[in-house]
Amino acid sequence: MEDEDPMKNAAFVVTLALCLASTLAEAGNITVCSEGCDYSSLKAAVFAAGEGDVVIVESGRYYDHLNANKKIFLLGVDTGDGPPILDATGSGSPLTIAADGVVVEGLRLINGGPASAGILVLSSDNVIRKNDASNNYVGIRLVGSNNTTLRGNVASGNLEFGLMLEGSSGCLVSENVLLKNFLGEAFDDGRNSWDDGAIGNRYGDFDDPEEGCSDDDGDGICDAGREIPGGPSFDRHPIAGD
């Protein structure tokens with residue numbers, strides 16, 4: 001067997017290191033605000049973002065119908081004037097997630113129109129946490145989404161449902177607050193986990209003793225579980241009211 005050429009090995013190592021450095025350099029932060037940031041348009045920032053980039057959205061109102069069609073992290077930051085607001089002005093969804101692996105945190109999404117949602121999810125393996133999707137037709141709607149996590153969101157005052165899962169499975173839904181949604185707090189026609197084994201969600205129609213939620217041990221969790229309309233899903237640990 002011929003001896004390996006050390007010069008060839010060294011060249012290979014250098015080439016590999018340069019490729020890794022190039023890959024890491026492609027990921028970065030992109031800031032969005034009215035002035036002084038990388039972009040003033042949220043749609044332009046997402047268009048410019050690469051796979052794995054963090055798009056940091058500062059306080060302000062953005063009149064966008066945003067399509068997250070690549071794997072990015074959308075991070076809303078309250079810079080003094082409240083969380084950033086995506087306003088669909090009554091037509092379509094403020095945010096549609098079309099790519100797998102998207103993370104969305106810290107946004108307020110309002111005025112989603114008919115047959116839409118504050119956040120419309122058409123993909124899988126996403127994480128949607130600590131957002132406010134109130135005052136839409138549906139707060140957060142998953143369609144054909146698998147293994148997506150919905151945690152710590154508020155979806156209240158919507159004209160239809162707070163959370164709506166259609167044709168979705170393997171999703172984790174926990175620590176969300178769903179109050180005063182007109183057609184119902186939640187709907188799920190698939191098989192998904194509506195608690196994480198210890199904490200479920202708060203439902204405006206099931207958070208006090210008169211509605212079936214007693215909390216005799218005072219741990220903040222209802223002593224009985226709650227069925228989720230639409231299919232077999234069940235929240236074993238609903239959150240009791242204040």
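Overview of the structure. Position numbers for residues start from 1 in each chain and track the written sequence from start to end. Given that this is a predicted model, residues contribute local features only at a pLDDT of at least 70 and side-chain atom pairs are listed and counted only at 80 or more, while totals for whole chains, interfaces and linings are drawn from all residues. As a convention, hydrogens and water are excluded, and side-chain values are obtained from all of the structure's heavy atoms.

Next up on the list: the overall build of the protein. Each helix is a run of H or I in the DSSP string that is no shorter than four residues. Each strand is a run of E no shorter than two, and both are numbered from the N terminus. Along the protein, the regular secondary structure elements total 2 helices and 21 strands. For every residue, the accessible area (1.4 Å probe, protein chains only) is compared with the maximum for its type, and the residue is labelled buried under 20%, exposed over 50%, or partly exposed between those bounds. Relative to its full complement of 242 residues, the protein shows a buried share of 44%. By definition, residues are in contact when any of their heavy atoms lie within 4.5 Å. Partitioning the intrachain contacts of the protein with sequence separation of at least 6 by distance along the chain shows that 44% fall at a separation of at least 24. Surface accessibility in these figures is a Shrake-Rupley result with a 1.4 Å probe; residues are shielded only by whichever protein chains are displayed. Of the roughly 11,800 Å² of accessible surface on the protein, a fraction of 54% belongs to carbon and sulfur atoms.

Okay, the sheet that holds strand 3 (residues 61-62) next. Strand pairing in a sheet relies on backbone hydrogen bonds, with the paired strands running either antiparallel or parallel. Should DSSP find at least two bridges between two strands, the strands are taken to pair. One open sheet accounts for 3 strands, arranged 3-6-9; its pairing is parallel. Both outer strands of the open sheet, strand 3 and strand 9 (108-110), are each paired with one neighbouring strand and no more. Direction of pairing for strand 6 (residues 85-87) relative to strand 9: parallel, over a ladder of 3 bridges. Within strand 9, the residue paired with Asp87 across the bridge is Ile110.

On to unusual backbone geometry. Although it is not a glycine, Asn111 adopts a positive phi angle of roughly 60 degrees. Located in the positive-phi region is Ala115, a residue other than glycine, with phi close to 60 degrees.

This brings us to the side chain of Asn131. Take Asn131: it is sitting in the loop between strand 11 (127-129) and strand 12 (140-143). Here Asn131 falls in the buried class, since its relative accessible area comes to 3%.

Attention now moves to the packing of aromatic side chains. Here a pair means two rings of Phe, Tyr or Trp (six-membered ring of Trp) with centres within 6.5 Å. Their orientation is stacked below 30 degrees between planes, edge-to-face above 60, and tilted elsewhere. Applying the stated rule across the entire model yields 1 aromatic pair. Ring geometry for Phe161 against Phe187: centres 5.6 Å apart, planes inclined by 40 degrees, an arrangement best described as tilted. Taken as a pair, Phe161 in strand 14 (residues 161-166) and Phe187 in strand 17 (residues 184-188) lie far apart in primary sequence, 26 residues in all. A cation sits over an aromatic face here: Lys70 above Phe47, 6.0 Å from the ring centre. Criterion for a charge above a ring: Lys NZ or Arg CZ within 6 Å of the ring centre, and within 35 degrees of the ring normal. The residue whose ring lies beneath Arg226 is Tyr203, and the NZ or CZ to ring-centre distance is 4.3 Å.

This part takes up the state of the cysteines. Here, two cysteine sulfur atoms that lie within 2.5 Å of each other are counted as a disulfide. Summed over all chains, the structure comprises 2 disulfides. A sulfur-sulfur separation of 2.1 Å characterises the disulfide bridge that pairs Cys33 with Cys37. Classification of the bridge connecting Cys33 and Cys37 rests on its S-S torsion, roughly 110 degrees, and on that basis the disulfide is right-handed. Given a relative accessible area of 7%, Cys33 falls into the buried group. The residue that forms a disulfide with Cys213 is Cys222, at a sulfur-sulfur distance of 2.0 Å. Judged by the torsion about the S-S bond (-90 degrees), the Cys213/Cys222 disulfide is left-handed. Overall, Cys213 belongs to the buried group, its relative accessible area being 2%. Among the cysteines of the protein that take part in disulfides, numbered as they appear in the sequence, the pairing is 1-2, 3-4.

In short, shape yes, function no, at least from these values alone.
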